[in-house]
Amino acid sequence: MKALDILGYAFADFASNKFKTMMSSLGIIIGVMAIVVMLTLGDGLYQGVSQQFGDLELDTMAVMPGSMFMGQEMRDVVQKPPAKLTDRDVSVLLNTPGVLEVSPLISASSVATYKEENRTVSVSAVIPQYETRLADSVDKGRFLSPSDKYVVVLGSKVANGTFGKVIRPGSYMTLTNPYTGKSQDYVVAGVLKERNASILVGDPNSAIYMTMTGVKGISDQSTYSYIGIRADSVETAEETADNVRDSMKRLHRNEDYMVMTQKMFADAINEIFNLIKYTLAGIGAVSLLVGGIGITNVMMLTVKERVKEIGLMKAVGATTANVRIIFLTEAGLLGFISGVIGIALAWAISAIVGNLAQLPMDMSIQNILIGIAFGLFTTVIAGVYPANQASKLDPIEALRTE
């Protein structure tokens, strides 16, 4: 039999049994829709989290004092004192192969007082000449200069929402160390544009920046809290991280330190959301399983209803393989059409959920293909047994059936 004849025969059967076709395809439609929506939801959650933490710049990393060992691991490892990060480390890291930029920073918590309002804020002491990216993101006023002492630059949230009134360049605020009580007045030199947050260094919009000289007004800390590093490129970031570890190992043989890369966090997030995504898709696949069972039952009933028709086909020359192909084609077409309908419904639901949850819910080609493939696979597998049963019918016995 020709392929067009088989397709025509399948469509003719669908047209003559519209209600049965619709009911048997319903489970597949729901299953495909559920799988694609769940996969798209997983992707949307990942993209939403990624946006909260910026673009996950995979060329960045940070050196931090201390160890990442916890619990049983900490008991099993000989503990060393945390490394003291100094200008010596900065100098060595600047000369490490693959390192493009180095940004040392002292981080401290402080209570900021402005117009008699008190707020707890994050203070970051930086070296201005190393902070070209921050300097390029100034919205109002100017950035810090190396000679500045009691001068600060504010993140956009600190200036525009932390206090009851907007803080502008030229304003004064008081910063107080909540642990030591040290207090100092600072003048606001500038306000930064809103920037993406980072997993490694936190939210720059909620920070107050000052020079290393300026931080002495509220803190006696002289070593860096961490040193941010940017590699030459994303492609060489891992190699650069290894070079940084080698450099740090030479400087701090008997001290603990961590080299944390942005890629480590990105991989961890990706792994978690892949687990969530495919777990959700597995739940959706249950609907397909139920739909497959339903198709098997419907097709078995179809075989019984069409026994005489099958016998007539075999009597006029249709082979066992022809009959099997006809029934498998019907099952495959049912799966494909149901899959397309399921994809259309998934697109509509994803758009609604995305708007309500404020998540990017764009369906990827991969998720669409997975949905259609699952629909086809389920219906074809479900149609194998009925197709075999139909193909094995004896034409003489089938023609005698009333």
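Residues numbered from 1 in each chain as written. Predicted model: local features only at pLDDT ≥ 70, side-chain atom pairs only at ≥ 80, totals over all residues. Heavy atoms only, no water.

If you look the protein chain up in an unreviewed UniProt entry, it shows as ABC transporter permease from Methanooceanicella nereidis. UniProt annotates the protein chain under Sequence similarities (unreviewed entry) with the comment "Belongs to the ABC-4 integral membrane protein family." (UniProt positions renumbered as here; feature names shortened; annotations may be inferred.)

Visitor: What's the story with the environment of Ala321 in this structure? I'm lost.
Guide: Among the secondary structure elements, Ala321 is positioned in helix 10 (residues 320-357). As a C-alpha pair, Ala321 and Ser391 span 70 residues in sequence and 6.9 Å in three-dimensional space. (Helix = DSSP H or I, 4+ residues; strand = E, 2+ residues; numbered from the N terminus.)

Visitor: How should I be thinking about a nonpolar patch on the surface in this particular structure?
Guide: On the surface, Phe336, Ile337, Val340, Ile341, Leu345 and Leu376 cluster together into a nonpolar patch covering about 450 Å² of accessible area. Examining the composition of the nonpolar patch, we find that five residues originate from one element, helix 10, more than from any other. Along the chain, Ile337 turns up in helix 10. (Patch = residues over 30% accessible without salt bridge, like charges linked within 9 Å, V, L, I, M, F, W, Y side chains within 5 Å. Areas by Shrake-Rupley, 256 points an atom, 1.4 Å probe, with all protein chains shown as cover. Salt bridge = Lys/Arg side-chain N within 4 Å of Asp/Glu carboxyl O.)

Visitor: I tried to follow the environment of Ser233 on my own but got confused; where do I start?
Guide: Counting through the fold element by element, Ser233 comes out in the loop between strand 9 (226-231) and helix 7 (237-251). The exposure class of Ser233 is partly exposed, given its relative accessible area of 22%. Each C-alpha atom of the pair Ser233 and Thr60 lies 9.1 Å from the other, and the pair is 173 residues apart in sequence. (Buried < 20%, exposed > 50% of the residue type's maximum accessible area, 1.4 Å probe, protein only.)

Visitor: Would you explain unusual backbone geometry in this entry?
Guide: Most of the time, phi is negative for any residue but glycine, and the peptide bond is trans. The phi dihedral of Lys115 is positive, around 55 degrees, even though this residue is not glycine. Structurally, the position occupied by Lys115 is in the loop between strand 2 (99-114) and strand 3 (117-126). Since its relative accessible area comes to 55%, Lys115 is described here as exposed. Look at Glu116: it is not a glycine, yet its phi comes out positive at around 70 degrees. On the secondary structure map, Glu116 appears in the loop between strand 2 and strand 3.

Visitor: Is there a simple way to think about the packing of helix 4 (residues 87-94) against helix 7 in this case?
Guide: When two helices pack together, their arrangement is captured by the angle between the axes and the distance separating the axes. It is at 10 Å that the axes of helix 4 and helix 7 come closest, and there the two elements cross at 145 degrees. Like other packed secondary-structure pairs, helix 4 and helix 7 cross with a definite hand, here right-handed. Here helix 4 contributes Arg88, Asp89, Val92 and Leu93 to the contact with helix 7, which in turn contributes Val244, Ser247, Met248 and Leu251. Grouping the amino acids of the contact of helix 4 with helix 7 by side-chain chemistry returns five nonpolar, one polar and two charged. (Axes fitted to C-alpha atoms, helices over the stretch in contact; angles between N-to-C directions. Left-handed = near helix turned anticlockwise from the far one by under 90°. Contact = heavy atoms within 4.5 Å. Nonpolar A, V, L, I, M, F, W, Y, C, P; charged D, E, K, R; others polar.)

Visitor: Sorry, what's going on with the pattern of salt bridges here?
Guide: Charged atoms that come close allow side chains of opposite charge to pair. Applying the stated criterion across every chain, the model contains seven salt bridges. Among the ionic pairs, Glu117 bridges to Arg119, the shortest N-O distance being 2.8 Å. In this structure, Lys157 and Asp203 form a salt bridge, with 2.9 Å as the shortest nitrogen-oxygen distance. Separated by 46 residues along the polypeptide, Lys157 in helix 6 (residues 156-162) and Asp203 in the loop between strand 7 (183-192) and strand 8 (207-211) bring together distant segments of the chain.

Visitor: I would appreciate a short explanation of the nonpolar core in the present structure.
Guide: Note that soluble globular proteins tend to have their nonpolar side chains buried in a common cluster. Ranked by internal contacts, the top residues of the largest apolar core, which has 40 residues, are Leu154, Met173, Leu175 and Val244. The dominant element in this core, judged by the number of residues it contributes, is strand 2, at five residues. Once you skip the residues sitting within four places of it in the chain, Leu154 turns out to touch Ala159, Ile167, Met173, Val188, Gly190, Val191, Leu192, Ala207 and Ile208. (Core = buried A, V, L, I, M, F, W, Y, C linked by side-chain atoms within 4.5 Å.)

Visitor: Would you mind showing me how to read helix 7 here?
Guide: Across its 15 residues, helix 7 extends 21 Å between first and last C-alpha, which sits within 8% of the 21 Å expected from 1.5 Å per residue. Buried within helix 7 we find Ala237, Thr240, Ala241, Asn243, Val244, Ser247, Met248 and Leu251. Buried residues of helix 7 fall within an arc of 160 degrees about the axis and therefore sit on the same side. In helix 7, the exposed positions that point more than 90 degrees away from the buried face belong to Glu239, Lys249 and Arg250. (Expected span 1.5 Å × (residues − 1). Arc of directions from axis to C-beta.)

Visitor: Looking at this structure, how should I read the pairing of strand 10 (residues 257-261)?
Guide: Every regular strand shows the same layout, with side chains that alternate between the two sheet faces. Within strand 10, four of the five residues are buried, which leaves the element mostly enclosed by the surrounding structure. Alignment of strand 1 (residues 60-65) against strand 10, held across five bridges, turns out to be antiparallel. Among the inter-strand pairings, Met61 is bridged to a residue of strand 10, identified as Thr261. (Pairing = 2+ DSSP bridges.)

Visitor: Before we go on, may I ask you to explain the confidence of the model for the protein chain in this structure?
Guide: Where the model shows low pLDDT, its predicted coordinates should not be examined in detail. Summary statistics for the protein chain give a mean pLDDT of 83 and a share of 85% for residues scoring 70 or more. Low pLDDT, under 50, characterises residues 69-76; the predicted model gives this stretch three contacts beyond four residues in sequence or across chains. (pLDDT = per-residue confidence, 0-100.)

Visitor: Would you mind going over helix 10 with me for this structure?
Guide: Each full turn of the α-helix corresponds to 3.6 residues, which orients residues three or four apart in the same direction. With 38 residues, helix 10 should cover 56 Å at 1.5 Å per step; its first-to-last C-alpha distance of 54 Å lies within 8% of that length. In the segment just after helix 10, Gln358 is the residue with positive phi, at about 55 degrees.

Visitor: What should I look at first to understand the packing of aromatic side chains in this one?
Guide: For any two aromatic rings, the description comes down to two numbers: the centre-to-centre distance and the angle of the planes. Inspection of the entire model under this criterion finds two aromatic pairs. Ring geometry for Tyr114 against Phe163: centres 5.8 Å apart, planes inclined by 70 degrees, an arrangement best described as edge-to-face. With Tyr114 in strand 2 and Phe163 in the loop between helix 6 and strand 6 (172-176), the pair connects residues that are 49 residues apart, well separated along the chain. Summarising the burial analysis for this pair, Tyr114 and Phe163 share the class buried. Ring plane angle 90 degrees and centroid distance 5.6 Å describe the contact between Tyr150 and Tyr186, whose orientation is recorded as edge-to-face. Of this pair, Tyr150 sits in the loop between strand 4 (138-141) and strand 5 (151-154) while Tyr186 sits in strand 7, and the two are 36 residues apart along the sequence. When its relative accessible area of 28% is taken as the criterion, Tyr150 is described as partly exposed. (Phe/Tyr/Trp six-rings, centres within 6.5 Å; stacked < 30°, edge-to-face > 60°.)

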